[in-house]
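Now for the letters of each chain:
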Amino acid sequence: MIEREKIEKFYSCISGAKKVVLFGHVNPDGDSIGSLSGMYDFLANNGIEAERIVPGAYPGFLAFLDPEKKITVYNDEKEKALSAVKEADLMVCLDFNSFSRIDEIGEAASRSAAVKILIDHHLFPDKSFDLTISDTEVSSTCELVYIVIEELLKLYPAAPLSLAGETALYTGIMTDTNNFANSVRPDTFRIASLLMEHGVDKTAVQQFVFGGFSEERMRLMGYMLYENMRVVPELKASVMVLDKATKERFGFKTGDSEGFVNLGLNIAGVDVAALFTEDDNFLRVSLRSKGDFSVNSLAKEFFNGGGHKNASGGRVYMPVSEIAEYYFDAVRKYRHTI
């Protein structure tokens, strides 16, 4: 339950705002684009002008949430994004816990005099926000956005979400729970059920998200499973390493590796899985686990990151050829401490 005073402050902030900027994180996923689009829909329905900004491109399979291509991608439209930040008197940050998670544009945003609101479900939210609505127990930021709007509508005569906004929130809940397999609680199903009652087409959303992949992406997944994945049974651990050469070979596009990190957890006896993706100057880290194995602790100690107990990420700076052994060694060391 969100404190009433936070709902009241949130309403006061949005009702008094003239120009709002909504931020999503680096490598935006379903929860990022879903929460951006859901909040945008709610604000628009209540006559509040807002701009959605993400640092880099979102996956093509999420394009149905942005049919008019109104989300500004900072890497493609820097001047437009910076102008929006300059004009904003309110910023709402969704699905990330610090301005460092939106890279270069985060520097401009953090310097802004605008009121700053955080709505997020990750651990350790930064203390620099004027209003923080954070709950690490919810499945996703989309679930939390729904709860914020639900509580707000109990107090004020505001217009509710339209079907487009509800579809966006359902998408984020579905993707961040790995199709309702992880991090769900009874209220998650209550909210998903209400969204479906309101008209969200579950089958259509699943087809967009899970049935809209390119042939190259499917071949990449097959390659990663058959040729790339390593499993160490005694460590109960699996790993995949996606380097630049493999990206080029399969015509990699943003979002093509979405969900790969979860595949290793389907193996009997494996309770921790990793995907390392080579970028220009670093390796992107995705960690997943089941049961009592905390990848949040693993990420904080070994991978310059963090997140949730069973889903975390980070960055490391080392040759891609060394990362698999480093990961297995980290798992070995961590298991000795638990």
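Here goes a summary of the coordinates provided.

Definitions and limits used
Residues numbered from 1 in each chain as written. Predicted model: local features only at pLDDT ≥ 70, side-chain atom pairs only at ≥ 80, totals over all residues. Heavy atoms only, no water. Axes fitted to C-alpha atoms, helices over the stretch in contact; angles between N-to-C directions. Helix = DSSP H or I, 4+ residues; strand = E, 2+ residues; numbered from the N terminus. Left-handed = near helix turned anticlockwise from the far one by under 90°. Contact = heavy atoms within 4.5 Å. Nonpolar A, V, L, I, M, F, W, Y, C, P; charged D, E, K, R; others polar. Pairing = 2+ DSSP bridges. Core = buried A, V, L, I, M, F, W, Y, C linked by side-chain atoms within 4.5 Å. Buried < 20%, exposed > 50% of the residue type's maximum accessible area, 1.4 Å probe, protein only. Arc of directions from axis to C-beta.

**A short note on the packing of helix α12 (residues 295–302) against helix α13 (residues 323–335)**
Stage number 1. Packing of α12 against α13 leaves a shortest axis separation of 11 Å and a crossing angle of 115 degrees. The handedness of the crossing between α12 and α13 comes out as right-handed. For the pair formed by α12 and α13, the contact residues are Ser297, Leu298, Glu301 and Phe302 on the first element and Tyr326, Ala330, Val331, Lys333 and Tyr334 on the second.
Stage number 2. Looking at the contact of α12 with α13, its residues break down into 6 nonpolar, 1 polar and 2 charged.

**Quick notes on the side chain of asparagine 296**
Stage number 1. The residue asparagine 296 is located in helix α12 in this model.
Stage number 2. The residues contacting asparagine 296, other than those within four sequence positions of it, are Leu123, Gly306, Gly307, His308, Lys309 and Ser312.

**Focus on the sheet that holds strand β6 (residues 131–134)**
Stage number 1. Ordered in space as β3-β2-β1-β4-β5-β6, the 6 strands form an open sheet in which the pairing is parallel. Whereas interior strands pair on both sides, the edge strands pair on one side only; in this sheet they are β3 (72–73) and β6.
Stage number 2. Bridge count for strand β1 (residues 20–23) against strand β4 (residues 90–94) is 4 bridges, and the pairing is parallel. Along β4, the bridge assignment pairs phenylalanine 23 with cysteine 93.
Stage number 3. The sheet strands contacting helix α1 (residues 4–15) are β4, β5 (115–120) and β6, and the helix crosses β6 at an angle near 125 degrees.
Stage number 4. Packed on one face of the sheet, helix α2 (residues 30–45) meets β1, β2 (50–54), β4 and β5 and runs near 175 degrees to β2.

**Things to note about the packing of helix α6 (residues 163–176) against helix α7 (residues 186–197)**
Stage number 1. Relative to each other, α6 and α7 sit at 145 degrees, their axes nearing to 10 Å. In the packing of α6 onto α7, the handedness of the crossing is left-handed. Packed against α6, whose contacting residues are Glu166, Leu169, Tyr170 and Ile173, the element α7 presents Thr188, Ile191, Ala192, Leu195 and Met196 at the interface.
Stage number 2. For the contact of α6 with α7, a count of residues per class yields 7 nonpolar, 1 polar and 1 charged.

**Focus on the nonpolar core**
Stage number 1. Among the nonpolar cores identified, the biggest contains 53 residues, and Phe10, Val20, Leu22, Met39, Phe42, Leu43 and Ile119 are the most heavily contacted of them.
Stage number 2. In terms of residue count, helix α5 (residues 141–155) provides more of this core than any other element does, 8 residues in total.
Stage number 3. When neighbours within four sequence positions are excluded, valine 20 is seen to be in contact with Leu43, Ile48, Glu49, Ala50, Glu51, Asp89, Leu90 and Val92.
Stage number 4. If you look at the next biggest cluster of nonpolar residues, it comprises 25 residues, including Val241, Phe303, Ala330 and Tyr334.

**Notes on α12**
Stage number 1. Turning to α12, its buried residues number three or more, namely Val295, Asn296, Leu298, Ala299 and Phe302. Axial view of α12: buried residues confined to an arc of 165 degrees, hence all on one face.
Stage number 2. Taken together, the buried residues of α12 touch β9 (272–278), β10 (283–289), β11 (306–307), β12 (311–316) and α13.
Stage number 3. Of the residues trailing α12, asparagine 304 is marked for its positive phi of about 50 degrees.

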